[in-house]
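Per-entry structural report
Each chain, letter by letter, is given below.
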Amino acid sequence: MYVISSLERRGAEIFLAELAGELEHLGVVQSLVSLAAAGPLPIELPDKVSVATPDSSRGRIRTIRKMLKTQRPELVVCLGSKALKYFVVSSVGSSIEVIYCKIGLTEPWLKRFKRLRIQVDRWFIGRACKVVSLGDNSTRELTGVFSVSMENVVHIRNGRRVTPSLHAERADGLLHLACIGALNWEKNVGLVIELMHDLAPQFPQLRLDIVGDGPQRQELENRVVTLQIGDKVNFLGASDDIPGVLAGTDLLVLASLSEGVPGVLIEAGMASVPVVTWQVGDVDEVVLDGKTGTIVPFAAHADLKRALIVLLNDAHKRAVYGEAARQYCVETFGMDTIALEYFNLFHAVTNNVQS
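Residues numbered from 1 in each chain as written. Predicted model: local features only at pLDDT ≥ 70, side-chain atom pairs only at ≥ 80, totals over all residues. Heavy atoms only, no water.

Check the secondary structure of the protein chain and you find twelve helices and 13 strands. Since a compact globule built from 355 residues should have a radius of gyration of about 20 Å, the 21 Å found for the protein chain is in line with a globular shape. Here the C-alpha coordinates of the protein chain stretch approximately 65 × 40 × 40 Å along the principal axes. By the burial criterion, 52% of the 355 residues in the protein chain qualify as buried. Contacts in the protein chain between residues far apart in sequence, at least 24 positions, make up 68% of those at least 6 positions apart. (Helix = DSSP H or I, 4+ residues; strand = E, 2+ residues; numbered from the N terminus. Rg over C-alpha atoms; globule rule 2.2 N^0.38 Å. Buried < 20%, exposed > 50% of the residue type's maximum accessible area, 1.4 Å probe, protein only. Contact = heavy atoms within 4.5 Å.)

Below, the structure is given as structure tokens:
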């Protein structure tokens, strides 16, 4: 049984949907509890996955307990710290094993009451028999900040289902720069809009496609109007066809303030789209600096702008990076391979319990 924060089309949720599909082919019987009801564009889960959602935030614990009683899972997988905390509270008195998947770095969220919050998170993480880390920085945080033993940490990469690369050079003479993600403070889309304003005079053919929705959308739209670049910025909203969006993209930019291993970078690589990003979370697990894209130091606005200028000016380099990104991401992050690693982990945990 999985526990996850929502059913919205976000990185962790898309990953889970694709993982569940592959594991179903391997004969795994699966169920899922979401801590929130489905949004306007929910993920598409395999038909055989039983899904439960609470009728309100107060019903989350009751919903988890009901699923534990009716489904009787051998193992529970919690994606994210919020899911872990709700499960641990809901399963008091139960001996069921739980795997915690750490989907992002925690420290950017610990600005207030840092010491107390670390102690609380350390206790909850300690309830898990195994902790899945997506990258090296996440592993260092688990062992260094939260005192998790290395023998309890399992490194399994993020993954995506391999799709055909539909990317091709556009014939309309325009350059399309994409920013894909939720429109919230974490994704820092406002900075990308500021960069677009600075780049527009040098690249009159450049268009910024913002894909996603969220609480900051109106604020961001207002900023575009204020900067008088409304004819150069397209708000495309949330999409259930990211490969289709990327097919018309020349370059992807990521300027997030907090990340784990962003699935959108894997999707971009599989679509042969190069990336410009700064070092946040474990982006260097996906982007090979100088080979499949460019990574600059975290929060280095000027460096990010310069990196964009270099690739926007060089179609040949974009093509070389894109081809290398496709090869690397297909070989490294294909969901069939990732699912097999989870399958083996599940068997190892359940076999250990039975023995």
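Scanning the model with the defined rule gives five aromatic pairs in all. Ring plane angle 55° and centroid distance 5.9 Å describe the contact between phenylalanine 15 and tyrosine 342, whose orientation is recorded as tilted. Remark: tyrosine 342 occurs in helix α12 (residues 335-354) and phenylalanine 15 occurs in helix α1 (residues 11-25); sequence separation between them is 327 residues. Residue phenylalanine 15 is classed as buried on the basis of its relative accessible area, which comes to 7%. Ring geometry for tryptophan 123 and phenylalanine 124: centres 5.1 Å apart, planes at 85°, overall edge-to-face. Tryptophan 123 sits in the partly exposed class, given a relative accessible area of 46%. By way of ring pairs, the aromatic residues Phe15, Tyr342 and Phe346 are connected into one cluster. Its guanidinium or amino end placed over the ring of tryptophan 123, arginine 127 lies 4.4 Å from that ring's centre, counting from NZ or CZ. (Phe/Tyr/Trp six-rings, centres within 6.5 Å; stacked < 30°, edge-to-face > 60°. Lys NZ or Arg CZ within 6 Å of the ring centre and 35° of its normal.)

Further remarks concern the packing of helix α10 (residues 301-312) against helix α11 (residues 315-333). Between α10 and α11, whose axes approach to 6 Å, the crossing angle comes to 100°. Taken as axis vectors, α10 and α11 run roughly perpendicular relative to one another. Residues Val310, Leu311 and Leu312 of α10 form the contact with α11, whose own contacting residues are Lys317, Arg318 and Tyr321. Here the residues of the contact of α10 with α11 are counted per class, giving four nonpolar, no polar and two charged. (Axes fitted to C-alpha atoms, helices over the stretch in contact; angles between N-to-C directions. Parallel < 35°, antiparallel > 145°, perpendicular 65-115°, else oblique. Nonpolar A, V, L, I, M, F, W, Y, C, P; charged D, E, K, R; others polar.)

Time to look at the side chain of arginine 60. Tracing the chain through its elements places arginine 60 in helix α2 (residues 60-71). Buried and unpaired, arginine 60 has aspartate 55 as its nearest opposite-charge partner, separated by 9.2 Å. Here the side chain of arginine 60 touches tyrosine 86 through a polar contact of 2.9 Å, side chain to side chain. When sequence neighbours within four positions are dropped, the list of residues in contact with arginine 60 reads Leu35, Pro54, Lys82 and Tyr86. (Lys, Arg positive; Asp, Glu negative; His and termini not counted. Salt bridge = Lys/Arg side-chain N within 4 Å of Asp/Glu carboxyl O. Polar contact = N/O pair within 3.5 Å; in protein donor to acceptor, adjacent residues only side chain to side chain.)

For asparagine 188, which is not glycine, the phi torsion reads 60° and is therefore positive. Note that asparagine 188 resides in the loop between β8 (175-180) and α6 (189-199).

Along the polypeptide, proline 73 turns up in the loop between α2 and β4 (75-79). Each C-alpha atom, one on proline 73 and one on serine 31, is 8.3 Å from the other, the two residues being 42 residues apart in sequence. Non-local contacts of proline 73, meaning those with residues more than four positions away in its chain, are made with Met1, Met67, Leu68 and Ile96.

Here we have six strands laid out as an open sheet, ordered β10-β9-β8-β11-β12-β13, and parallel in their pairing. Every other strand in the sheet has two partners, leaving β10 (233-237) and β13 (293-296) as the edge strands with one partner each. Shown here is a sheet whose adjacent strand axes are inclined to one another by a mean of 20°, direction ignored. As judged from the four bridges shared by strand β12 (residues 275-278) and β13, these two strands associate in the parallel manner. Directly across from valine 276, in β13, lies its bridge partner threonine 294. Seen against the sheet, α10 touches β8, β9 (206-211), β11 (251-254), β12 and β13 and runs at an angle of roughly 170° to β12. (Pairing = 2+ DSSP bridges.)

All right, on to the state of the cysteines then. Here a disulfide denotes one covalent bond, and it connects the sulfur atoms of two cysteines. All told, the structure shown has zero disulfides when counted by the stated rule. Cysteine 78 takes part in no disulfide bond, and the closest cysteine sulfur to it belongs to cysteine 101, at a distance of 8.4 Å. (Disulfide = S-S within 2.5 Å.)

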